[in-house]
Amino acid sequence: MKVKLNKLFCWSIILTIISTQGLLIFIVFKILGNWEFKKFIHPLSFFIIFILFIFKSIKKITITLLDVLFTLYFLGLFLVLLLNNDGFQSLYITFREIYLLFILVFIFQKLELNEKEWLKILNLLFYLLILNTLFIALTYILGPENYMKLLTGRYQWGVDEEYGFKITNFSKFWRTPALIGNPASLGYFSALTYLLMDQNEKFKKKKYFALIPLFLSFVRSAYLIFIVYEFFKFFTKKKNLKKVFTILKVGIPILLITALLLAKNKVLSTASLYARLHLWSTEINVNYNIFFGGAIGNVGGGARNVGGFIETVDSYWFYLLLSSGFTGIIMVILFMYEKSKKNNKFLFILIAFFIAGFFVNLTQSIVFLAIFPLLFVKIKKEEVIHNLEK
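These numbers come from a predicted model, not from an experiment. (Residues numbered from 1 in each chain as written. Predicted model: local features only at pLDDT ≥ 70, side-chain atom pairs only at ≥ 80, totals over all residues. Heavy atoms only, no water.)

Participant: Would you mind showing me how to read the overall build of the chain here?
Facilitator: The number of helices and strands found in the chain is 17 helices and five strands. Within the span of the chain, comprising 390 residues, buried residues form 49% of the whole. Here the contacts in the chain between residues at least 6 apart in sequence split such that 77% fall between residues at least 24 apart. Accessible surface computed for the chain: about 19700 Å², of which carbon and sulfur atoms make up 68%. (Helix = DSSP H or I, 4+ residues; strand = E, 2+ residues; numbered from the N terminus. Buried < 20%, exposed > 50% of the residue type's maximum accessible area, 1.4 Å probe, protein only. Contact = heavy atoms within 4.5 Å. Areas by Shrake-Rupley, 256 points an atom, 1.4 Å probe, with all protein chains shown as cover.)

If you want it as structure tokens, here you go:
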């Protein structure tokens, strides 16, 4: 029974990963007659995972004191959400942005897959990377207008309000949705896939394919995650510390030249950061308690009737502050650390996303919600080779 449940878990995870390919699913369902069915793939995959976990945990489930405190606190906030929400859609979106990540991390942290099942998942991610890279190239070959007309039947610069897909530019480069549907999601899909592959020795070469769509997404917060992770990986190795002066002699000129090129193309522009700071100080006009939040449902995606910057907030930690206060933020940090794998690489991943969370609302991305929790899945040690440095 346990083996069968694990296989079902594996297939439900595969369905979750497929749900990140919004434009690809759109094409499939449009051919079948109703593109709007694509909206149900991710909720369906979560529902299947949740039901499987319930069946798996009927006999035994281990919880900690932090689990109890965390659950009680966020259940209390859920009662506030019921008072603040503006209908079922508002309730669902806020639940997805606040609660879904913690539920999936809790479930996947208790899940153990064997090597064969885990390699299926990593190989699927690898093939999707290749496919998205090809469609990035297709954007440059056809141009953005012809690309979107080919895949969706119409073209709208920026965000297509009905379909939800986005295509823009960054300086002289196209920020293409590829097959995912959004350039930012493409960047996070690539970064997260790289991180997952970097934990497995069998993907030590294949992981570098993720850097192509990552770079071509032109998403600076995704770049930041990769840079922070690799920085800590590099400078926490003793053998690299011995070479640091040699590396700096060569590295500083290369970094200066790279910085000049990036600055010329406005990749290092801080205009968007200043815009965020201005909007945080002027556009977030909601009542909240700094210790306990209380604005849950009145900010973020659930505040659909408000419009403007308050729907995005553009900072996961600021969003949590408004929704759950400093108490909630502390509990989230403790929860993530407790559920994490206690090794250096995993700690570096958490640090990277902690920093990125100041500049983007992570949980508004289906890609993040679908793939980040996979980092917590346990792989049977006797069957898989871990490249994890203690």
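Participant: Quick question: what am I supposed to make of the pattern of salt bridges here?
Facilitator: Side chains that carry opposite charge are capable of pairing whenever their charged atoms lie near each other. Under the defined criterion, the tally for this structure stands at 12 salt bridges. Between K149 and E145 there is a salt bridge; the shortest N-O distance is 3.0 Å. Of the two residues, K149 and E145 both sit in helix α8 (residues 144-152), four residues apart, roughly one turn of that helix. Residue classification places E145 among the partly exposed residues on the basis of a relative accessible area of 37%. The residue E201 makes a salt bridge to K204 at a minimum N-O spacing of 3.3 Å. Among the charged side chains, a salt-bridge network with shared partners connects D198, K207, E230, K233 and K345. (Salt bridge = Lys/Arg side-chain N within 4 Å of Asp/Glu carboxyl O.)

Participant: Explanation requested: the sheet that holds strand β4 (residues 173-175) in the structure shown.
Facilitator: Hydrogen bonding along the main chain pairs the strands of a sheet, whether they run parallel or antiparallel. Read from one edge of the open sheet, three strands run β2-β3-β4, paired in antiparallel fashion. The outermost strands of the open sheet, each flanked by one partner alone, are β2 (158-159) and β4. Relative to β4, strand β3 (residues 166-170) runs antiparallel, the two sharing three bridges. In the sheet register, N169 faces β4, and the bridge partner there is W174. (Pairing = 2+ DSSP bridges.)

Participant: Looking at this model, I keep getting lost on the nonpolar core. Mind explaining?
Facilitator: As a rule of thumb, soluble globular proteins bury nonpolar side chains together. One finds I121, Y188, F353, F372 and L374 to be the most contacted residues of the largest nonpolar core, which totals 98 residues. Examining the composition of this core, we find that 12 residues originate from one element, helix α15 (residues 316-339), more than from any other. Apart from the residues lying within four places of it in its own chain, the contact partners of F372 are L101, L192, M336, I349, L350, F353 and V367. Judged by nonpolar contacts, the second largest core, of 10 residues, contains L151, F165, I167 and L179. (Core = buried A, V, L, I, M, F, W, Y, C linked by side-chain atoms within 4.5 Å.)

Participant: Hey, could you run me through the packing of aromatic side chains in this one?
Facilitator: Two measures describe an aromatic ring pair: the distance that separates the ring centres and the angle between the ring planes. Throughout the structure, instances matching the rule amount to 39 aromatic pairs. Taking the ring centre of Y163 as reference, the NZ or CZ of R154 above it sits at 4.0 Å. Over the face of the ring belonging to Y337 we find K342, whose NZ or CZ atom lies 5.0 Å from the ring centre. (Phe/Tyr/Trp six-rings, centres within 6.5 Å; stacked < 30°, edge-to-face > 60°. Lys NZ or Arg CZ within 6 Å of the ring centre and 35° of its normal.)

Participant: In this structure, what is going on with the confidence of the model for the chain? I would like to understand it.
Facilitator: Low-pLDDT stretches of the model should not have their predicted coordinates read in fine detail. Summing up the model confidence of the chain, the mean pLDDT is 87 and the portion of residues at 70 or higher is 83%. The low-confidence segment residues 383-390 (pLDDT under 50) makes 21 contacts with residues lying over four places distant or belonging to another chain. (pLDDT = per-residue confidence, 0-100.)

Participant: How do you make sense of unusual backbone geometry when you look at a structure like this?
Facilitator: Working note: non-glycine residues mostly have negative phi, and peptide bonds are mostly trans. Positive phi outside glycine occurs at A178, with the angle close to 50 degrees. Positionally, A178 belongs in the loop between β4 and α9 (183-197). Relative accessible area serves as the criterion here: at 0%, A178 is assigned to the buried category. The backbone of F218 sits at a positive phi, close to 55 degrees, despite the residue not being glycine. Topologically, F218 is positioned in the loop between α10 (211-217) and α11 (220-235).

Participant: How do you make sense of the side chain of S12 when you look at a structure like this?
Facilitator: Mapped onto the elements, S12 comes out in helix α1 (residues 2-19). Taking relative accessible area as the criterion, S12 reaches 2% and is therefore assigned buried. Contacts of S12, omitting those with residues within four sequence positions, involve S45, I48, I49 and L52.

Participant: How should helix α4 (residues 65-84) be read in this particular structure?
Facilitator: Along an α-helix, residues three or four positions apart point the same way, because every turn accommodates 3.6 residues. Compared with an ideal rise of 1.5 Å per residue, which puts 20 residues at 28 Å, α4 spans 29 Å between its outermost C-alpha atoms and is within 8% of the ideal. Three or more residues of α4 are buried, namely L66, D67, F70, Y73, F74, L77 and L81. Taken down its axis, α4 places every buried residue within 140 degrees of arc, on the same side. Opposite the buried face of α4, by more than 90 degrees, sit the exposed residues L65, L72, L79 and L83. As for α4, its buried residues are in contact with α5 (88-98), α6 (100-109) and α15. (Expected span 1.5 Å × (residues − 1). Arc of directions from axis to C-beta.)

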